[in-house]
Amino acid sequence: MKRQPTAIQPFLALLSLTAVMVVGLGIAVVWHSPAEHHALQALCRLEWDEVLAHAPAWRVLVPASALAAIVVGGLQSIFAQLLAAYRFKRALRLLTIPTPAGVAHVAQCHALTVPVQTLAWDEPLAFCLGLRRPRIYLSTGLVDLLDDDELVAVLLHEQHHGQQRDPLVVLLSRAVGAALRFVPV
């Protein structure tokens, strides 16, 4: 069974490569000339002291950079999801047909508050889509497959998703997941 890579594996690989390069450089300098070794060591100490002098800045920059990465990741996910949903809804417009009388009657009898759209599609599908004004989408394949009681159950189930704003909850939870993808859970 193949193991899935974790978020820390690329970091460890980069750290290992850096360690090999530093050790290799150190060996090459010491081997070549002890005088250059002392000069390099003095330069490293000087640069390290410079880094330590700016330690308070690091205490601010590291959390700020992490927060910026989280915000950018979340916004990127939201934008990608909104674009995909927009394209999907545009494609659904081509499949939308007038709602059959039986579906409209069932929706009216049960006072559905979420509008119902019917799609000319042979596969049985039912889903709720939309952030501001959720809609229930039913395929003709599903409508032909179900009797009235089953259709009522499907419509009430999808209405519940619309009333609870589940499409928005899914969008936000995916955005949070994408923003925090580097956090091992």
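Computed from a predicted model, the values in this text were never measured in an experiment.

Take the overall build of the protein next. Scanning the protein for helices and strands turns up 7 helices and 4 strands. Each helix and strand of the protein, placed in order from N terminus to C terminus, yields the pattern α-α-α-β-α-β-β-β-α-α-α. Per-residue burial over the protein gives 22% buried out of 185 residues. Excluding contacts between residues fewer than 6 apart, the proportion of contacts in the protein whose partners are at least 24 apart in sequence is 48%. Surface summary for the protein: the accessible area is close to 13700 Å², and the carbon and sulfur share equals 68%.

Moving on to helix α6 (residues 148-163). Taking 1.5 Å of rise per residue, 16 residues should cover 22 Å, and α6 covers 22 Å from first to last C-alpha, within 8% of that figure. Listing the buried residues of α6 in full gives Leu151, Val152, Leu155, Glu158, Gln159 and Gly162. Take α6 and look down its axis: the buried residues cluster within an arc of 140°, on one side only. Residues of α6 that are buried sit in contact with α4 (101-109), β2 (116-119), β3 (126-129) and β4 (135-139).

Let us now look at the pairing of β3. In the sheet, β3 pairs with β4 via 4 bridges, with the strands oriented antiparallel. Looking at β4, one finds that Cys128 is bridged to Ile136. Between β3 and β4, which follow one another and run antiparallel, lie 5 residues, and Gly130 among them has a positive phi close to 130°.

Procedures and definitions
- Residues numbered from 1 in each chain as written.
- Predicted model: local features only at pLDDT ≥ 70, side-chain atom pairs only at ≥ 80, totals over all residues.
- Heavy atoms only, no water.
- Helix = DSSP H or I, 4+ residues; strand = E, 2+ residues; numbered from the N terminus.
- Buried < 20%, exposed > 50% of the residue type's maximum accessible area, 1.4 Å probe, protein only.
- Contact = heavy atoms within 4.5 Å.
- Areas by Shrake-Rupley, 256 points an atom, 1.4 Å probe, with all protein chains shown as cover.
- Expected span 1.5 Å × (residues − 1).
- Arc of directions from axis to C-beta.
- Pairing = 2+ DSSP bridges.

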